[in-house]
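Next come the chains, spelled out residue by residue.
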Amino acid sequence: MDHLGDEINPHADGAHLGDDAELYALGALDPVSARRVEQHIEGCPTCAARVNDALLTAAALAEALPAIAPSADLGRRLSRSAAIRRTTSTASRSAGRTSTRTSQRSASSTFTPWLTERVVRYAIAAALVLALLNAGWQSFRLHREIATEDVALSTLVHSHFNHVSMTPLLGGSPAAKILYARDGKWIYIIADRPGGTLRAFGYGAGAAIDLGTMSSDGKTATLMLRPRSRIHRIILERGDVAVAVATLAY
Amino acid sequence: MDALVDDFIQRRPQGLERVYSEWSVLFVSVARQVTGEASLAEDCVHDALLRVWRASNRFSGDRPLLRAYLAASVRNEALAAIRSDSRRGAREERAARLAPAPVEEAPVVDPVESERLRVALERLPGEQRQALVLAYYGNKTHVEVAERLNVPLGTIKSRIAMALRKVRAELADAEGQR
């Protein structure tokens, strides 16, 4: 482009930015010229200060714009994206939502579904324990009967796992519970009356992971996992809407 | 250091959440004015904030500058989107209907600042005001402004830059009189 010559970009030869400082702050430069400004101010405090002043004034111009509030979805989408450890660069704008979802799927590959027969047996037994708890059984009676039925289950009850009810976020949220190993090695999510496809997202040490879609027979949805790192919070989503959340305390 | 700025440049999630909580209306308004489309505008806000936050340890400044820097980043994201879009003409028409809004007709991002800005713009020489308004509210590059007004590039650059400097001075004077 002919307007990129030194005459128009005096800073190209080492001089200060001149008017380009203000044009840059307004977004009125072409990408190549804008990049030159950015490179220049990295080593020129004088021009950096001038650009900063211009940025503040440009922001003042925005105060007169019609105020438009964000949708409810934007904040949630941003938080989730910020928490996701992405292996690829920021998604293309035109595929923003899709790309976020794709990266979450990639992240989920760091988790290994726990599908051994023994674990399934434990999980089913644990779910039974919860059902019994919900029915109002006294803990001493529960422990005694379980001990007579299944030594492995007794071990689970006494020392190996915790459980937590998920907090519903909507009126139609499913009743959901999470069983999880106290050492963090496995997690079992069960939701009653899911009302559609549920997807679980786990939040650990600064990273969010797509835990996957819960298996459902229409009445109950379940998901079993063995995370490689501690999950401290789990959110269930139905159709991209968060419906339940729970915090796991180890 | 300001806790919000510190959280943001340390790339703590709460830093991004606080920035969004306090300034999301500004960011969305800026992006929407450029794109004229709600969905694309929010995509631009999302992408710009995330990109800056992930590289935020490069930022050095106070809270007003962070706000201004982020607003500029959102605007640049939106400008890049429309400038690479073949449907730009239609978008610009929609965007033009959004900006700037007279104070008495629609809620603005900041009514007080908006009134001070209106006064500052009115005090500009007509040629400078026209160039600045086309560049910022019309979302045009200085080359496009020069073509639109049939004025040499160097002249347009000077008019735009001078206009912005005068607005800054006017706003500073108004601030000092408060």
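Residues numbered from 1 in each chain as written. Chains lettered and ligands numbered in written order. Predicted model: local features only at pLDDT ≥ 70, side-chain atom pairs only at ≥ 80, totals over all residues.

Participant: Sorry if this is basic, but what is going on with the overall build of chain A here?
Facilitator: Broken down by element type, chain A carries 8 helices and 10 strands. The proportion of buried residues among the 250 residues of chain A is 39%. Residue pairs in contact within chain A that sit at least 24 positions apart in sequence constitute 56% of those at least 6 positions apart. (Helix = DSSP H or I, 4+ residues; strand = E, 2+ residues; numbered from the N terminus. Buried ≥ 20, exposed ≤ 12 C-beta atoms within 10 Å, placed from the backbone. Contact = placed C-beta atoms within 7 Å.)

Participant: I would appreciate a short explanation of the pairing of strand 5 (residues 198–203) of chain A in the present structure.
Facilitator: Successive residues of a regular strand alternate their side chains across the two faces of the sheet. Residue and element names in this part refer to chain A. Most of strand 5 is tucked away, with 5 of its 6 residues classed as buried. Relative to strand 9 (residues 233–238), strand 5 runs antiparallel, the two being bridged by 6 bridges. Note that in strand 9 the partner of alanine 200 across the bridge is leucine 236. (Pairing = 2+ DSSP bridges.)

Participant: Just to check I follow, could you spell out the packing of helix 2 (residues 13–35) of chain B against helix 4 (residues 63–83) of chain B for this structure?
Facilitator: Each pair of packed helices gets described by two things: the angle between the helix axes and the distance between those axes. Residue and element names in this part refer to chain B. Here helix 2 crosses helix 4 at 30 degrees, and the two axes come no closer than 9 Å. For the element pair helix 2 / helix 4, the angle class is roughly parallel. Once helix 2 is placed against helix 4, the crossing between them reads as right-handed. Taking contact as the criterion, the partners of Val19, Trp23, Leu26, Phe27, Val30, Ala31, Val34 and Thr35 in helix 2 are, on helix 4, Arg67, Leu70, Ala71, Val74, Arg75, Ala78, Leu79, Ala81 and Ile82. Of the residues belonging to the contact of helix 2 with helix 4, the class tally is 14 nonpolar, 1 polar and 2 charged. (Axes fitted to C-alpha atoms, helices over the stretch in contact; angles between N-to-C directions. Parallel < 35°, antiparallel > 145°, perpendicular 65-115°, else oblique. Left-handed = near helix turned anticlockwise from the far one by under 90°. Nonpolar A, V, L, I, M, F, W, Y, C, P; charged D, E, K, R; others polar.)

Participant: Mind showing me how you'd approach the sheet that holds strand 4 (residues 187–192) of chain A here?
Facilitator: The strands making up a sheet associate through hydrogen bonds between their backbones, and the pairing can be parallel or antiparallel. All names here are of chain A. In space, the 5 strands of this open sheet follow the order 1-3-4-8-7, with antiparallel pairing throughout. Where the open sheet ends on each side, the last strands, each with one partner, are strand 1 (161–165) and strand 7 (215–216). Across 6 bridges, strand 3 (residues 175–181) lies against strand 4 in antiparallel orientation. Residue pairing for strand 4: alanine 176 is matched across the bridge by alanine 191.

Participant: Where do I start with the environment of Val51(A) in this structure?
Facilitator: Inspection of the secondary structure puts Val51(A) in helix 3 (residues 45–62). Excluding anything up to four places from it in sequence, Val51(A) contacts Ala21(A), Tyr24(A), Ala25(A) and Ile41(A).

Participant: What is the right way to read the packing of helix 7 (residues 126–136) of chain B against helix 8 (residues 142–149) of chain B from this model?
Facilitator: Residues and elements named next belong to chain B. The N-to-C vectors of helix 7 and helix 8 enclose an angle of 130 degrees; their axes lie 9 Å apart at closest approach. Here helix 7 lies oblique to helix 8, going by the angle between them. You can see that helix 7 and helix 8 cross each other, and the crossing is right-handed. Where helix 7 abuts helix 8, its residues Ala131, Leu134 and Ala135 lie against His142, Val145, Arg148 and Leu149. Classifying every residue of the contact of helix 7 with helix 8 gives 5 nonpolar, 1 polar and 1 charged.

Participant: Mind showing me how you'd approach the interface of chain A and chain B here?
Facilitator: A common way to state how big an interface is: give the accessible area lost once the parts meet. Listed as interface residues are 42 residues of chain A and, on the opposing side, 63 residues of chain B. Listed by contribution, the elements that provide at least two residues to the side of chain A that touches chain B are helix 1 (20–26), helix 3 and helix 4 (72–83) of chain A. For the side of chain A that touches chain B, the element with the most residues is helix 3 of chain A, which contributes 11 residues. Across the side of chain A that touches chain B, the residue classes break down as 25 nonpolar, 10 polar and 7 charged.

Participant: Before we go on, may I ask you to explain helix 8 of chain B in this structure?
Facilitator: Side chains that are three or four residues apart share a direction in an α-helix, a result of its 3.6 residues per turn. Residue and element names in this part refer to chain B. Buried residues of helix 8: His142, Val145 and Ala146, and no others. Looking straight down helix 8, one finds that the buried residues subtend no more than 100 degrees of arc, so they occupy a single side. Positive phi appears at asparagine 150, one or two residues downstream of helix 8, with a value of about 55 degrees. (Arc of directions from axis to C-beta.)

From the geometry alone we can't say anything about function, so treat these as descriptive.
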